[in-house]
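Coordinate inspection notes
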Amino acid sequence: ANFNATTATRVVSVGLANQAPLTVTATPATIVFGGTSSFSTTGGSGSGAVSYAVTAGGSFCSVSGSTLSGTGVGSCTITATKAGDASFGPATATTTVTVNRANQAALTVIATPASITVGGTSALSTTGGSGTGAVSYAITAGAASCSLSGSTVTGTASGNCTITATKAADANFNATTATQVITVAAASGADLQVAKSAPVTQVQSGNTLVYTIIVSNLGPSAANGATLSSTPPAALSNVVWQCVPAGSTATCPAGAGGSGTGALSVSVNLPAGTHLRYDYSATVTAAVGSSVQSTATVTAPAGLTDPN
């Protein structure tokens, strides 16, 4: 009888529900450099799509869709996100993938040639492997038959030697090795010859006389490290000598073996069927009526016989 009717209202906001716990799995969780891992999720709620992203360690991994690729050695964190929909807010979960060094591709060591004689040489090289690691060589068996300098093997005695090539590890790959057996046969001999000639049979004292020395190898084996020598007699002075490439079929020695003064004593490499020419210039100081005798000698290297 005394009051009118009245009403009151209250607005309540209804928010999105949280999703059920989300779990992300990497299969496998440990891979090697260049390998891959696949992602999957369980849990969550609603119809939101799932996406994956690298959220830590991006220099070690990359993601495309649900596939991770190892791009470096280390650990990376992957975050899976299940998007929200009309009823549920977004949900996330993380997992860690570890990337280890990978094994290198197969390494092959090549010896060119694989069969040599005592005193002969073989050049080493490799194919295959992976990464930026340096290649080194070592004799791992039969060291009595071979010596090694850098990538060159020299036969020292009859037998076999095993060469192991190692391509070192780098940031992404483990070290790897390969072996090669080199056979060293006894040298069958090299027929070495030397000739020394002068263009005249008479000369005046004080004149310059130029001798030509030809040292050759008729084979059948190479003569690497043969010694060519010529010691000037007292009747010759101001001796100058040099190897003449244009008059040679073998390669003139480099450095001190190619030219010099005074006594000639050089180590030369003579493949079978080749020769070297040396010009040997001197001033004649002999007395009138005397004769000048100048001799050149070639000596086979150790381990090589000269059959004639």
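Now for a description of the structure that goes with this document. Treat the numbers as computed from the prediction; the structure is a model and nothing was measured.

1. Some remarks on the overall build of the protein
The secondary structure content of the protein amounts to zero helices and 24 strands. Compactness check: the protein gives a C-alpha radius of gyration of 41 Å against a globular reference of 19 Å for 308 residues, more than 25% above the reference. Projecting the C-alpha coordinates of the protein onto the three principal axes gives extents of approximately 170 × 40 × 25 Å. By the burial criterion, 34% of the 308 residues in the protein qualify as buried. Sequence separation of 24 or more characterises 65% of the internal contacts of the protein that already satisfy a separation of 6 or more. Carbon and sulfur atoms make up 52% of the accessible area of the protein, which totals about 16,100 Å².

2. Comments concerning the state of the cysteines
One pass over the full model with this rule turns up three disulfides. Here Cys61 is linked by a disulfide to Cys76, with a sulfur-sulfur distance of 1.9 Å. One quick way to see it: the torsion about the S-S bond of Cys61 and Cys76 is about -75 degrees, and its sign makes the bridge left-handed. A residue pair is termed long-range when its members are at least 10 positions apart, and Cys61 in strand S5 (residues 61-64) and Cys76 in strand S7 (residues 74-82) qualify at 15 residues. For Cys61, a relative accessible area of 4% puts it in the buried group. The class of Cys76 is buried, set by a relative accessible area of 1%. Cys243 shares a disulfide with Cys252; S-S distance 2.1 Å. Taking the sign of the S-S torsion, -75 degrees for the link of Cys243 and Cys252, the bridge is left-handed. The same class applies to Cys243 as to Cys252, namely buried.

3. Quick word on the pairing of strand S11 (residues 121-128)
One ladder, built from six bridges, connects strand S9 (residues 107-112) with S11; its direction is antiparallel. Residue pairing across strands places Ala111 opposite Leu124, the latter belonging to S11.

4. Section: the side chain of Ser230
Relative to the helices and strands, Ser230 resides in strand S19 (residues 223-230). Of the polar contacts made by the side chain of Ser230, one reaches the side chain of Lys196; its length is 2.8 Å. Of the polar contacts made by the side chain of Ser230, one reaches the backbone oxygen of Thr295; its length is 2.9 Å. If sequence neighbours within four positions are ignored, Ser230 has contacts with Lys196, Ile213, Ala263, Leu264, Tyr280, Ser294, Thr295 and Ala296.

5. Description of the layout of surface pockets
One number sums up the size of the largest pocket: a volume of about 240 Å³. Surrounding the largest pocket, 17 residues form its lining, Thr201, Gln202, Val203, Ser290 and Val292 being those nearest its centre. By residue class, the composition of the lining of the largest pocket is 10 nonpolar, seven polar and no charged.

Analysis parameters
- Residues numbered from 1 in each chain as written.
- Predicted model: local features only at pLDDT ≥ 70, side-chain atom pairs only at ≥ 80, totals over all residues.
- Heavy atoms only, no water.
- Helix = DSSP H or I, 4+ residues; strand = E, 2+ residues; numbered from the N terminus.
- Rg over C-alpha atoms; globule rule 2.2 N^0.38 Å.
- Buried < 20%, exposed > 50% of the residue type's maximum accessible area, 1.4 Å probe, protein only.
- Contact = heavy atoms within 4.5 Å.
- Areas by Shrake-Rupley, 256 points an atom, 1.4 Å probe, with all protein chains shown as cover.
- Disulfide = S-S within 2.5 Å.
- Pairing = 2+ DSSP bridges.
- Polar contact = N/O pair within 3.5 Å; in protein donor to acceptor, adjacent residues only side chain to side chain.
- 1 Å grid on protein atoms, 1.4 Å probe; cavity = no way out; pocket = protein on both sides within 12 Å on 5 of 7 lines; lining within 4 Å.
- Points joined across faces, edges and corners; volume = space filled by probe spheres on them.
- Nonpolar A, V, L, I, M, F, W, Y, C, P; charged D, E, K, R; others polar.

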